[in-house]
Amino acid sequence: MDSYYSVFLLVVLLLLTFLWMHPLSRQIYIRKLPIPADAEYIWGHERNVFFGQPGQFFRLWTEQFGLAYRIKAAFGAPDILVLSDPVGIAHLLQRRVFDYHHSNVVRPRIARFLGKGLGWVEGESEHKRMKRLVSFPLRAESIKAMSGEIRDAASRVISDFHQFCISRKDHSTSEPINILQWTAKATLSVVGRAAFCHDFEGGNSGDAVRILNARRQGVIPIIQYAAFLTLMLLRRFSFLNFLPILAIQSQAIAKDTIKSGVAKEMVRRNKELHSSSQTREGNDLLSILIQAETEGKISTEELFDQISTFIMTGHEATTLTLGFTIWELARNPVTQQKLRDELQSFAAEPTYDDFQHRLPYLDAILKETLRLYPGLPYMERVSTKDDIIPLCLPIKTEYGECLTQLEIKPGQTVLIPIIAIQRASTVWGDADVFRPERWLEELPPHELLCSGWNNLLAFSDGPRSCIGSKLAIFQFKVIISELISSFGFKATNDQLTLKISSSTQPYMVGKEKDGPQLPVYAYAL
């Protein structure tokens, strides 16, 4: 079977190479923009981008050409506009985001990974409809009201982790652990309890194990060379999205596991609980979704897609943010102790309001982790209408002309290199250094910063920014505070490398086949 797909991909490769050499049409309207000189004949600049560290080449090209330029796509696909200009990004994300859709590469991937929920939908009216439907349980007031539930769910995992560390006390500094296994349990438990009134038993239930295992299976194939070929071919032949190719369809493993298992059980149990009532009084996300389905406002398919979307997005990104934070704190023991001291300054556990307003160093650590390791390293959109993108800083063409705005035509792919923007040395100075103190100092000039949450794009920006950001931030603070208050972490000698599999995934150099991991030494205090 594998040989069949290999032959198929080879045939398509040869066909596309022919089309590249004999193009039927070419878009020329952004050709005034500068372009790197090292494009490959078949791969354009995309092979360098794929196999380099996320953001690596975009940082180099931005320093060379400025905040807007173009790169060559693979197989002669139209040039890609790379946009790092804060004013241009704000224009696209805040004012015209509904005119820029997910590309034929990205949108099917969202459907596979999450389902056809809020992150997948296009069009202003449909997006607003979905957003109104799910917004109530994700407001600050709702999260505050269920803060006790969130703490309880996190504490169950922390208790299990404590027992684990005690049981291996003699090996705490000789055998590292993959902290992602524990942060994944914690975040899945919190999302299950807070959004769906479901107990994942500290990440140990059968459903939890199946979901976590499925996601691990889904990210490993992306590092293979076949994954690169497949992603490049998708720009030319979007029908490949629907063929049984491992590098593509493996992204759906976790979503399919949720929809065929725990989602059905959640819905069945919720309906049974309310079967004797005339009205549904639950304010959790699941009850609201089921009520909407009962009233005919959403289909059963959308109900399950929304459940899958919020389980995956609710725990995936925060799992990684927590993991990267522990990884960095293990490498920076002074910073780790400084955070521990701040947490121990409270006579009791910090309250919801304490987490919002009285833990500045914890806030700084969260911001610094999201600056270095945004869950979404790149954002890719395609214009559906004519547009004029304004620029903060003019771009000089090879003919000496200065462009203060960019003319955009329908079909133009625009890539926003989030991780490169947030690691720009021209803005942040020691951009690759984990230094939370920068957030307690004077920030770089406002005109150089994006307008998203705390001048970052970790939650995107504008009408399509992450609707669950408040829950993500609060659960991060609860979990990290319990971990740092109860455990110490030390670094291993492993070297980190980053790969992209829908989100920013950590691998260890020489151990890529082991899948995503962040090994640290852990011991109970």
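Refer to the preceding data block for the structure.
Residues numbered from 1 in each chain as written. Predicted model: local features only at pLDDT ≥ 70, side-chain atom pairs only at ≥ 80, totals over all residues. Heavy atoms only, no water.

K.L.:
Describe the overall build of the protein chain, and please don't skip the residues or the numbers.
P.N.:
A tally of regular secondary structure across the protein chain gives 22 helices and twelve strands. When burial is assessed residue by residue, the protein chain has 56% of its 525 residues classed as buried. At a minimum sequence separation of 6, the contacts of the protein chain that also span at least 24 residues come to 74%. Carbon and sulfur atoms make up 54% of the accessible area of the protein chain, which amounts to about 22,400 Å² in all. (Helix = DSSP H or I, 4+ residues; strand = E, 2+ residues; numbered from the N terminus. Buried < 20%, exposed > 50% of the residue type's maximum accessible area, 1.4 Å probe, protein only. Contact = heavy atoms within 4.5 Å. Areas by Shrake-Rupley, 256 points an atom, 1.4 Å probe, with all protein chains shown as cover.)

K.L.:
So what about the sheet that holds strand β8 (residues 413-416)? Which residues, and what values?
P.N.:
What the five strands build is an open sheet, ordered β1-β2-β8-β5-β3; its pairing is mixed. Across the chains shown, the open sheet's two edge strands, defined by having one partner strand only, are β1 (68-71) and β3 (100-102). The average angle at which neighbouring strand axes cross in this sheet is 35 degrees, direction not considered. Across the sheet, helix α4 (residues 86-95) is in contact with β2 (80-83), β3, β5 (379-383) and β8; its angle to β8 comes to roughly 115 degrees. (Pairing = 2+ DSSP bridges. Axes fitted to C-alpha atoms, helices over the stretch in contact; angles between N-to-C directions.)

K.L.:
Any details on helix α19 (residues 360-372)? Residues and values, ideally.
P.N.:
Over its 13 residues, α19 runs 18 Å from end to end, which matches the ideal 18 Å to within 8%, given 1.5 Å per residue. Extensive coverage of α19 is indicated by the burial of twelve of its 13 residues. Along α19, the residues that are buried comprise Y361, L362, D363, A364, I365, L366, K367, E368, T369, L370, R371 and L372. (Expected span 1.5 Å × (residues − 1).)

K.L.:
Hey, could you go over the environment of P377 for me, with residue numbers and the actual values?
P.N.:
With respect to the secondary-structure elements, P377 resides in the loop between α19 and β5. The class for P377 is buried, based on a relative accessible area of 1%. C-alpha separation for the pair P377 and K499, spaced 122 residues apart in sequence, amounts to 9.8 Å. Excluding anything up to four places from it in sequence, P377 contacts P54, I416, P417, I418, I419, I500, S503 and T504.

K.L.:
An account of the pattern of salt bridges is requested, with residue identities and associated values reported.
P.N.:
The final tally for this structure, using the stated rule, is 37 salt bridges. Of the charged contacts, one joins D353 and K144 as a salt bridge, the two residues approaching to 3.3 Å between their closest N and O atoms. Placement of D353 in helix α18 (residues 352-357) and of K144 in helix α7 (residues 140-145) is noted, with a sequence separation of 209 residues between them. The partner of E368 in a salt bridge is R371, with the nearest N and O atoms 2.9 Å apart. Taken as a pair, E368 and R371 lie in helix α19 at a separation of three residues, close to a single helical turn. The class for E368 is buried, based on a relative accessible area of 0%. Taken together, the shared-partner salt bridges connect E368, R371, D430, R435, R438 and E441 into one network. (Salt bridge = Lys/Arg side-chain N within 4 Å of Asp/Glu carboxyl O.)

K.L.:
Let's hear about the side chain of Q475: which residues, and what values?
P.N.:
Considering the arrangement of structural elements, one finds Q475 in helix α22 (residues 469-486). Under the relative-accessibility criterion, Q475 is labelled buried at 1%. A polar side-chain atom of Q475 sits 2.9 Å from the main-chain carbonyl oxygen of G314. Leave out the neighbours within four places in its chain, and Q475 touches I150, T187, V190, V191, G314 and T318. (Polar contact = N/O pair within 3.5 Å; in protein donor to acceptor, adjacent residues only side chain to side chain.)

K.L.:
Quick rundown of helix α6 (residues 124-135)? Include the residues and the values.
P.N.:
If you check α6, its first and last C-alpha atoms are 16 Å apart, about what twelve residues at 1.5 Å a residue would give, namely 16 Å. Every buried residue of α6 is accounted for by H127, M130, L133 and V134. Across the axial projection of α6, the buried residues extend over an arc of 125 degrees, all falling on one side. When the buried face of α6 is taken as reference, the exposed residues oriented beyond 90 degrees from it are S125 and R132. For α6, the elements touching its buried residues are α15 (285-294) and α16 (300-331). (Arc of directions from axis to C-beta.)

K.L.:
Go over the packing of aromatic side chains with me, naming the residues and quoting the values.
P.N.:
Counting across every chain of the model gives 16 aromatic pairs. Both rings, one in F50 and one in F51, keep their centres 4.9 Å apart while their planes meet at 75 degrees; by these two values the pair is edge-to-face. Residue classification places F51 among the partly exposed positions, given a relative accessible area of 34%. For the ring pair F161 and F164, a centre distance of 6.4 Å and an interplane angle of 15 degrees mean the geometry is stacked. In this pair, F161 and F164 both sit in helix α8 (residues 147-167), three residues apart, roughly one turn of the helix. The class of F161 is buried, set by a relative accessible area of 1%. The structure contains a cluster of three or more aromatic residues connected by ring pairs, namely F57, F58, W61, F65, Y69 and Y378. In this structure, R107 is placed above the aromatic ring of W120, and the distance from its NZ or CZ to the ring centre is 3.8 Å. Residue placement shows R371 over the ring face of W428; its charged tip is 5.4 Å from the ring centre. (Phe/Tyr/Trp six-rings, centres within 6.5 Å; stacked < 30°, edge-to-face > 60°. Lys NZ or Arg CZ within 6 Å of the ring centre and 35° of its normal.)

K.L.:
Residues and numbers for the side chain of D85, please.
P.N.:
One can find D85 in the loop between β2 and α4. The side chain of D85 is buried and forms no salt bridge, while R95, the nearest opposite charge, is found at 8.9 Å. At 3.0 Å, the side chain of D85 and the backbone nitrogen of V87 are in polar contact. A distance of 3.1 Å separates the side chain of D85 from the backbone nitrogen of L393, its partner in a polar contact. The residues touching D85, leaving out its near neighbours within four places in the chain, are L67, P390, L391, C392 and L393. (Lys, Arg positive; Asp, Glu negative; His and termini not counted.)

K.L.:
Can you explain the packing of α8 against α22? Please cite residues and give values.
P.N.:
Two numbers describe how α8 lies on α22: the axes approach to 10 Å, and their chain directions differ by 40 degrees. What the angle tells us is that α8 and α22 run oblique. Where α8 crosses over α22, the handedness of that crossing is right-handed. Listed contacts from α22 to S147, I150, R151, A154, S155, I158 and F161 of α8 are L471, F474, Q475, V478, I479, E482 and L483. (Parallel < 35°, antiparallel > 145°, perpendicular 65-115°, else oblique. Left-handed = near helix turned anticlockwise from the far one by under 90°.)

K.L.:
Let's hear about the nonpolar core: which residues, and what values?
P.N.:
With 120 residues, the main nonpolar core has F58, F161, I179, F196, I307 and F489 as its most contacted residues. Among residues more than four places away in sequence, those in contact with F196 are V191, M266, R269, D284, L285, L286, I307, F310 and I311. Listed in part, the 24 residues of the second largest apolar core include L33, L81, M379 and I389. (Core = buried A, V, L, I, M, F, W, Y, C linked by side-chain atoms within 4.5 Å.)

K.L.:
A description of the sheet that holds strand β9 (residues 487-491) should follow, citing residues and the corresponding values.
P.N.:
Spatially, the three strands line up as an open sheet ordered β4-β12-β9, and their pairing is antiparallel. On the outer flanks of this sheet lie β4 (177-178) and β9, each paired with one strand and no other. Bridging between β9 and strand β12 (residues 519-524) involves five bridges; their strand directions are antiparallel. When the sheet's bridge partners are listed, F489 is paired in β12 with A522.

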